[in-house]
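Reading the structure
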Amino acid sequence: MWQLAHDSAPEEFGDDALAAASEPVADSEAPVEGSGKLVATSIEDKVRFFEREFEDDIRLPESEWALMQSVLLRLERVQKVVGHGNFNVLAFDDALKFAKRYNSVGEFTKRELDFIEKVFFTEAADYGFLGEKVSHQLTDRIAKADTYKVPYSGHFLFRGDSLAYYDKLKKDIGSNIILTSGIRSNVKQMHLFLAKAAASNYNLSKASRSLAPPGHSFHGIGDFDVGRVGWGARNFTDQFAETDEFKRMQDLGYVQIRYTQDNQLGVRFEPWHIKVV
């Protein structure tokens, strides 16, 4: 389990600081403590200001930064060997086999494997992610027979409800809507989460406000993301909620978003994330 890690020793609160912290929150900002980090007065603050740092955020200890980068690099090498599409559904045991078989990847070390297990089995709520854990074993496998590779997308969907849902959405919205992310195995989610943590200056709490920790992603059991053709990375921003495609989805009546603007899970608003399960 990771402990609370500050860049510097936390400041003691005097009367003035306590008074400031108790002031009503302005519409445009959450309270700020002396260190410049925000002080959350509710879970909504963290949902709204997901890109900011909060005073109770959990940061990976500096002693493990290099180890995390080593794991991230090895996962990226596995992805290069198997291909981006296949990496989306790759099981952990198969990732280990590829790593051992290909010199360009190299076998995972014991320290790397211990770190991966630590990330997977640590309670995500300890660093602020309050969503449900849907995969309880790192080695959980996605059966190939249960998946369908969506043409020209590089992504897979589960046959049955997920694929039928996507086909109906395409029929109702039209060709301007595309699949931007489908099934994600624990390996894929581990890679995404560690990359987000690295980009967040090793702040696990901040990373988890934008990306579910491995084992907690509903992409592993049925959810998927959609976007607007030609929009690229903007499909993963609040701007997608302003598109005609999103507005038409809301008008359909049957489309539900996994992480809404008022969610109580500590996750940013994700208008692109379709709730299937």
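Since this is a predicted model, take the numbers as computed values, not measurements.

1. What about the nonpolar core?
Nonpolar side chains in soluble globular proteins generally cluster together in the buried interior. With 36 residues, the main nonpolar core has V78, F115, M190 and L194 as its most contacted residues. Of all the secondary-structure elements, those providing two or more residues to this core are α3 (65–82), α5 (92–101), α6 (110–121), α8 (186–199) and α9 (204–208). Considering each element in turn, this core owes the most residues, seven residues, to α3. V150, I173, L179 and V226 belong to the second largest nonpolar core, which has 20 residues in total.

2. Observations concerning unusual backbone geometry
Positive phi, close to 65 degrees, is recorded for Y152, a residue that is not glycine. When you line up the elements, Y152 lands in the loop between β1 (147–150) and β2 (155–158). You can call Y152 exposed: its relative accessible area is 90%.

3. Considering the packing of aromatic side chains
Evaluation of the coordinates by the stated rule reveals nine aromatic pairs. On the numbers, 5.8 Å between centres and 65 degrees between planes, the contact of Y165 with Y254 is edge-to-face. Of this pair, Y165 sits in helix α7 (residues 161–173) while Y254 is found in the loop between α10 (244–252) and β5 (273–274), placing the two residues 89 residues apart along the sequence. Since its relative accessible area comes to 14%, Y165 is described here as buried. Judged by relative accessible area, Y254 falls into the partly exposed class, the value being 26%. Positioned above the aromatic ring of F120, the side-chain terminus of K133 is 4.2 Å from the ring centre.

4. Here we look at the environment of G215
Note that G215 resides in the loop between α9 and β4 (224–228). Linking G215 and L138, residues 77 residues apart in sequence, is a C-alpha distance of 7.4 Å.

5. As for the pairing of β1
In the case of a regular strand, side chains alternate between the two sheet surfaces. Sheet topology places β1 next to β2; four bridges connect them, and they run antiparallel. Pairing of T147 across the sheet is with F158, part of β2. Between β1 and β2, which follow one another and run antiparallel, lie four residues, and Y152 among them has a positive phi close to 65 degrees.

6. Details of the packing of α6 against α8
Remark: α6 packs on α8, axes separated minimally by 11 Å, with the N-to-C direction vectors making an angle of 90 degrees. Here α6 lies roughly perpendicular to α8, going by the angle between them. Contacts between α6 and α8 involve F115, I116, V119 and F120 on the former and, on the latter, N186, M190, F193 and L194. Looking at the contact of α6 with α8 residue by residue, the classes come out as seven nonpolar, one polar and no charged.

7. Description of the pattern of salt bridges
Counting across every chain of the model gives twelve salt bridges. Linking R209 and D57 is a salt bridge whose minimum nitrogen-to-oxygen distance equals 3.1 Å. Separated by 152 residues along the polypeptide, R209 in the loop between α9 and β4 and D57 in the loop between α2 (43–48) and α3 bring together distant segments of the chain. On the accessibility criterion, R209 (2% relative accessible area) is buried.

The rules we used
- Residues numbered from 1 in each chain as written.
- Predicted model: local features only at pLDDT ≥ 70, side-chain atom pairs only at ≥ 80, totals over all residues.
- Heavy atoms only, no water.
- Core = buried A, V, L, I, M, F, W, Y, C linked by side-chain atoms within 4.5 Å.
- Buried < 20%, exposed > 50% of the residue type's maximum accessible area, 1.4 Å probe, protein only.
- Helix = DSSP H or I, 4+ residues; strand = E, 2+ residues; numbered from the N terminus.
- Phe/Tyr/Trp six-rings, centres within 6.5 Å; stacked < 30°, edge-to-face > 60°.
- Lys NZ or Arg CZ within 6 Å of the ring centre and 35° of its normal.
- Pairing = 2+ DSSP bridges.
- Axes fitted to C-alpha atoms, helices over the stretch in contact; angles between N-to-C directions.
- Parallel < 35°, antiparallel > 145°, perpendicular 65-115°, else oblique.
- Contact = heavy atoms within 4.5 Å.
- Nonpolar A, V, L, I, M, F, W, Y, C, P; charged D, E, K, R; others polar.
- Salt bridge = Lys/Arg side-chain N within 4 Å of Asp/Glu carboxyl O.

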